[in-house]
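So you can see what is in the structure, the chains are spelled out below.
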Amino acid sequence: MKTSNPVLARLGQAAERERAAGYTPAGAYGQPGYGQPYPTDAGYPAAPPAVTPMSIDDVVVKTVTLLGITGLSAALAWVLVPDRAIGAAWIGAAVVGLVLGLVISFSRIANPALVVTYAVVEGVFVGMVSKYFETIAGYDGIVLQAVIATFGVFFLMAGLYKAKAIRATPKFVRGVIAAIMGVFAVMLINFVLMLFGVNTGLRDGGPIAIGFSLICIVIASLSFILSFHEVEEGVRMGLPRRYSWTAAFGILVSLIWLYIEILRLLSYFQGDD
């Protein structure tokens with residue numbers, strides 16, 4: 001089956017290669033076009049080993065698992081990393097997480113171990129950012145507020161998608177992807193300029209910073225629609241169950257991005273008190 005999503009297209013091609021090599025989804029024994037039957041010691045053909053296709057429940061379980069790993073990693077980092085090392089751990093985890101994220105996103109195979117490693121690394125990143133805002137910057141209660149707001153937005157978008165109030169049309173998908181790429185390009189340019197002492201106002205808590213964070217929050221929220229659509233497409237295409245890790249990874253990325261932006265926005269308003 002065809003899909004406009006390039007990542008799903010690659011995963012779909014990988015699944016097709018598996019089936020062509022003699023694997024079939026569970027319950028599909030004997031269907032033509034999925035490879036030759038395997039010989040047995042008795043000389044009679046046997047059905048090839050079944051590959052269970054992924055389901056929405058698989059993605060839900062994997063997503064909850066990754067969130068639990070991320071939360072545990074964040075809590076351990078908060079407790080174990082001393083205050084003087086927050087900056088180094090923050091930057092290190094951000095760089096490693098970015099590299100892992102790119103590898104997972106452009107990989108042609110689903111690698112659960114790599115996805116779990118990403119969750120651990122991002123947990124350290126989230127833990128360090130959270131600890132900085134809560135304890136170093138002194139914004140009491142900001143982490144709990146950001147967590148509640150993040151999951152509130154997530155469930156709202158899930159409800160809107162289920163009710164078909166927002167549809168992942170090809171035009172919508174292209175628009176959101178372009179917006180994500182544009183925002184991250186702006187972030188990268190802003191980071192480089194900051195290294196040279198140039199303040200663009202995007203992260204200083206002023207009106208421009210508030211507006212930019214609101215834009216990021218909106219785009220991060222809309223990215224959930226893409227993730228939900230990818231899950232449905234993956235189930236429809238009959239991708240093997242292990243690809244549910246890849247789908248869960250996409251949801252985790254959006255949740256972390258949304259949480260960080262909400263945390264920043266809340267800090268801007270608390271900083272005015």
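Quick look at the structure, then. The shown structure was predicted, so the numbers you read here are calculated from the model rather than taken from an experiment. One numbering rule holds for all chains: residues counted from 1, following each sequence as written. For a predicted model such as this one, the threshold for reporting local features is a pLDDT of at least 70, and the threshold for listing and counting side-chain atom pairs is 80 or more; totals across whole chains, interfaces and linings nevertheless cover every residue. To obtain the side-chain values, all non-hydrogen atoms of the structure were used and water was disregarded.

This next bit is on the environment of Ala88. Note that Ala88 resides in helix H3 (residues 86-106). Partly exposed residues are those whose accessible area sits between 20% and 50% of the maximum for their type, while under 20% is buried and over 50% is exposed, using a 1.4 Å probe and protein chains only. Take Ala88: its relative accessible area is 61%, and that puts it in the exposed class. Along the backbone, Ala88 and Met128 are 40 residues apart, and their C-alpha atoms lie at a distance of 9.5 Å. Going along the chain from the N terminus, every DSSP run of H or I of four or more residues is numbered as a helix, and every run of E of two or more is numbered as a strand.

Attention shifts here to the packing of helix H5 (residues 142-162) against helix H8 (residues 244-270). Any two packed helices are characterised by how steeply their axes cross, that is the angle between the axes, and by the distance between the axes. For the pair H5 and H8, the least separation of the axes is 9 Å and the interaxial angle reads 130 degrees. Judged on the interaxial angle alone, H8 and H5 are oblique. Judged by the twist between their axes, the crossing of H5 over H8 is right-handed. Contacts between H5 and H8 pair Ile142, Val143, Gln145, Ala146, Val147, Ala149, Thr150, Val153 and Phe154 from the former with Ile251, Leu255, Leu258, Tyr259, Ile262, Leu263, Leu266, Ser267 and Gln270 from the latter. For helices, the fitted line uses only the C-alpha atoms of the stretch in contact; every axis is such a line through C-alpha atoms, and the angle between N-to-C directions lies from 0 to 180 degrees. We call two directions roughly parallel when the angle between them is under 35 degrees, roughly antiparallel when it is over 145, roughly perpendicular when it lies between 65 and 115, and oblique otherwise. Here a crossing is called left-handed whenever its near helix is offset anticlockwise from the far helix by less than a right angle, and right-handed whenever the offset is clockwise. Throughout, a contact is declared for two residues whenever any of their heavy atoms are within 4.5 Å.

Another point: the packing of aromatic side chains. Under the pairing criterion, centres of Phe, Tyr and Trp rings, with the six-membered ring standing for Trp, must be within 6.5 Å; the plane angle then separates stacked pairs below 30 degrees from edge-to-face pairs above 60, leaving the rest tilted. In total, this model carries 10 aromatic pairs according to the counting rule given. Ring geometry for Tyr132 against Phe133: centres 5.4 Å apart, planes inclined by 80 degrees, an arrangement best described as edge-to-face. With a centroid separation of 5.1 Å and an interplanar angle of 80 degrees, the aromatic rings of Phe154 and Phe224 are classed as edge-to-face. With Phe154 in helix H5 and Phe224 in helix H7 (residues 207-237), this pair connects stretches of sequence that are 70 residues apart. With respect to class, Phe154 is no different from Phe224; both count as buried. Clustering of aromatic rings is evident, with ring pairs tying together Phe154, Phe155, Tyr161, Phe224 and Phe228.

If you trace the backbone, Ser244 turns up in helix H8. A residue is classified by how much of its surface remains accessible, and Ser244, at 0% relative accessible area, is buried. The contact partners of Ser244, leaving out residues within four places of it in the chain, are Met54, Asp58, Val59 and Lys62.

Everything listed here is a matter of geometry and, on its own, says nothing about what the molecule does.
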